[in-house]
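Observations on the three-dimensional arrangement
Each chain, letter by letter, is given below.
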Amino acid sequence: MAAGGLSRSERKAAERVRRLREEQQRERLRQVCDDPEELRRKVRELAGAVRNAKYLVVYTGAGISTAASIPDYRGPNGVWTLLRKGRSVSAADLSEAEPTLTHMSIARLHEQRLVQHVVSQNCDGLHLRSGLPRTAISELHGNMYIEVCTSCVPNREYVRVFDVTERTALHRHQTGRACHKCGTQLRDTIVHFGERGTLGQPLNWEAATEAASKADTILCLGSSLKVLKKYPRLWCMTKPPSRRPKLYIVNLQWTPKDDWAALKLHGKCDDVMRLLMDELGLEIPLYSRWQDPIFSLATPLRAGEEGSHSRKSLCRSREEAPPGDCGAPLSSAPILGGWFGRGCTKRTKRKKVT
């Protein structure tokens, strides 16, 4: 018997299991692209499903925002992937990000009543900025532009034109500003890894649950589904399999729901949505900062609050921007505090309890 209580054959078997698991992990991270003709064929099938759906709900993940220079989490260069490799994480200034072709396509599909509700894991606020109505969005993990007073009933929301999460982190949510009504400290709306979301808005769990229960078709865009799969109420698990919604997945990598899908499309979200909108005969609206709803929804800072943040503010045009405040090209900088990537490093340090 060898040291550690394992025989030579047992050590070899354990090594084989370890290598197998590593190979499975590499396979799951591997990106697969359908060839152009196959992708077009699949999009035609998806278009038929969209036309025939009585109640279509869209689930979105970080993959729909990569075209806006916001990294995903589990892709080859995703936040979690890099952290597991011991590499530092940096991201473009998120205030420079704008709704992508996919965001704008979803907004148009909702306008045309082909999509009834959108459930998003993203905190970047781009669905809101695309023009999608607040009532049609459930931002399950919060919105970087929204802070709330939980002392006011109902909770009082403050939409801002800057990232409110500069001073916040896992289990630390106060933003440093106070409610204009009652003076209570405001908090962000972000749900970090390891936290449970309890806010009514912008999480909007009630609408997400109702939409899932009504759905006959679910379209998943740019999500690994490793988090969403943990929310049984989104998958109608109490219904017999024959009565659950048909599932369509657009993702470059493996997801734990692939075997359940009626169709899996291996392609970038923008590429798929461009083909889909063409197949449906719908024009994709161009994003315009002049029409961005966030500017009409936003609550301005009060006198004395101007120095309460150092994040770049959104602006409608270069002329409107204070000197050096916006209009600069996308840049890469270390993530210091705030929602992006927070909780990832925390999780990598945890040891599994056996």
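What you see is a predicted model, and the numbers here were worked out from it, not measured in a lab.

Look at helix H2 (residues 36-52) against helix H7 (residues 269-280): their axes get within 9 Å of each other, and the N-to-C directions meet at 55°. With respect to each other, H2 and H7 are oriented oblique. The two elements H2 and H7 meet at a crossing, and its hand is right-handed. Only Val272, Leu275, Leu276, Glu279 and Leu280 of H7 make contact with H2, whose side of the interface consists of Leu39, Arg40, Val43, Arg44, Leu46, Ala47, Val50 and Arg51. For the contact of H2 with H7, the class distribution of residues is nine nonpolar, no polar and four charged.

Turning to the UniProt feature "binding site: Zn(2+)" (unreviewed entry) in the protein, a few remarks are in order. Residues annotated in UniProt with the feature "binding site: Zn(2+)" (unreviewed entry) correspond here to Cys149, Cys152, Cys179 and Cys182. Across 34 residues, the annotated set stays spatially compact, with a maximum C-alpha separation of 8.7 Å. Structurally, the position occupied by Cys152 is in the loop between strand E5 (146-149) and strand E6 (156-159). For Cys152, a relative accessible area of 9% gives the class buried. Excluding its chain neighbours within four sequence positions, the residues that come into contact with Cys152 are Cys179, Lys181 and Cys182.

A few words on unusual backbone geometry. Each neighbour pair has its own omega, and for Val153 with Pro154 the value is -5°, a cis peptide bond. With respect to the secondary-structure elements, Pro154 resides in the loop between E5 and E6. The phi angle at Arg113 is positive, at roughly 65°, despite the residue not being glycine. Relative to the helices and strands, Arg113 resides in the loop between helix H4 (101-111) and strand E3 (117-120). Of note in the backbone geometry, His171 takes a positive phi value of approximately 65° without being a glycine.

Turning our eyes to something else, we now look at the nonpolar core. By size, the foremost hydrophobic cluster in this structure holds 35 residues, and its most contacted members are Tyr59, Cys220, Leu234 and Trp235. Elements that contribute at least two residues to this core include exactly strand E1 (56-60), E5, helix H6 (205-214), strand E9 (217-221), strand E10 (246-250) and helix H8 (294-297). Top contributing element to this core by residue count: H6, with four residues. Every residue in contact with Tyr59, bar those within four places of it in the chain, is listed here: Val119, Ala212, Ile218, Leu219, Cys220, Leu221, Leu228, Leu234 and Trp235. Formed by 32 residues, the second largest nonpolar core is a distinct cluster that contains Ala53, Ile64, Leu219 and Leu265.

Let us now look at the sheet that holds strand E7 (residues 174-178). Spatial ordering of the open sheet is given by E6-E5-E8-E7, a layout of four strands whose pairing is antiparallel. Each edge of the open sheet carries a strand with a single partner, namely E6 and E7. Mean inter-strand twist for the sheet, computed between neighbouring axes without regard to direction, equals 35°. Sheet topology note: the E5/strand E8 (residues 185-188) ladder contains two bridges and is antiparallel. Bridge pairing links Glu147 to Asp188 in E8.

Time to look at the pairing of E6. Two strands pair when backbone bridges link them, and E5 and E6 are joined in this way by four bridges, in the antiparallel orientation. Opposite Ile146, over in E6, you have Val159 as the bridge partner. From the end of E5 to the start of E6, which pair antiparallel, there are six residues.

On to the packing of H4 against H7, then. Two numbers describe how H4 lies on H7: the axes approach to 9 Å, and their chain directions differ by 35°. Both H4 and H7 take part in a crossing whose hand is left-handed. Seen from H4, the contacting residues are Leu101, Thr102, Ser105, Ile106, Arg108 and Leu109; seen from H7, they are Cys269, Asp270, Met273, Arg274, Met277 and Leu280. Among the residues forming the contact of H4 with H7, the class breakdown is seven nonpolar, two polar and three charged.

So, about the packing of aromatic side chains. For the structure on display, the rule yields two aromatic pairs. With 5.4 Å between their ring centres and 85° between their planes, Tyr59 and Trp235 make a pair best called edge-to-face. Of this pair, Tyr59 sits in strand E1 while Trp235 sits in the loop between E9 and E10; the two residues are 176 residues apart in sequence, bridging distant segments of the chain. Taking relative accessible area as the criterion, Tyr59 reaches 0% and is therefore assigned buried. Judged by centre distance (5.0 Å) and plane angle (90°), the ring pair of Trp205 and Tyr231 falls under edge-to-face. Here Trp205 is found in helix H6, whereas its partner Tyr231 is found in the loop between E9 and E10, with 26 residues between them in sequence. Above the face of the Trp205 ring, Arg233 is positioned so that its terminal group lies 4.4 Å from the ring centre. Just above the ring of Trp260 sits the side chain of Lys257; from NZ or CZ to the centre is 3.9 Å.

How each quantity is defined
- Residues numbered from 1 in each chain as written.
- Predicted model: local features only at pLDDT ≥ 70, side-chain atom pairs only at ≥ 80, totals over all residues.
- Heavy atoms only, no water.
- Axes fitted to C-alpha atoms, helices over the stretch in contact; angles between N-to-C directions.
- Helix = DSSP H or I, 4+ residues; strand = E, 2+ residues; numbered from the N terminus.
- Parallel < 35°, antiparallel > 145°, perpendicular 65-115°, else oblique.
- Left-handed = near helix turned anticlockwise from the far one by under 90°.
- Contact = heavy atoms within 4.5 Å.
- Nonpolar A, V, L, I, M, F, W, Y, C, P; charged D, E, K, R; others polar.
- UniProt positions renumbered as here; feature names shortened; annotations may be inferred.
- Buried < 20%, exposed > 50% of the residue type's maximum accessible area, 1.4 Å probe, protein only.
- Core = buried A, V, L, I, M, F, W, Y, C linked by side-chain atoms within 4.5 Å.
- Pairing = 2+ DSSP bridges.
- Phe/Tyr/Trp six-rings, centres within 6.5 Å; stacked < 30°, edge-to-face > 60°.
- Lys NZ or Arg CZ within 6 Å of the ring centre and 35° of its normal.

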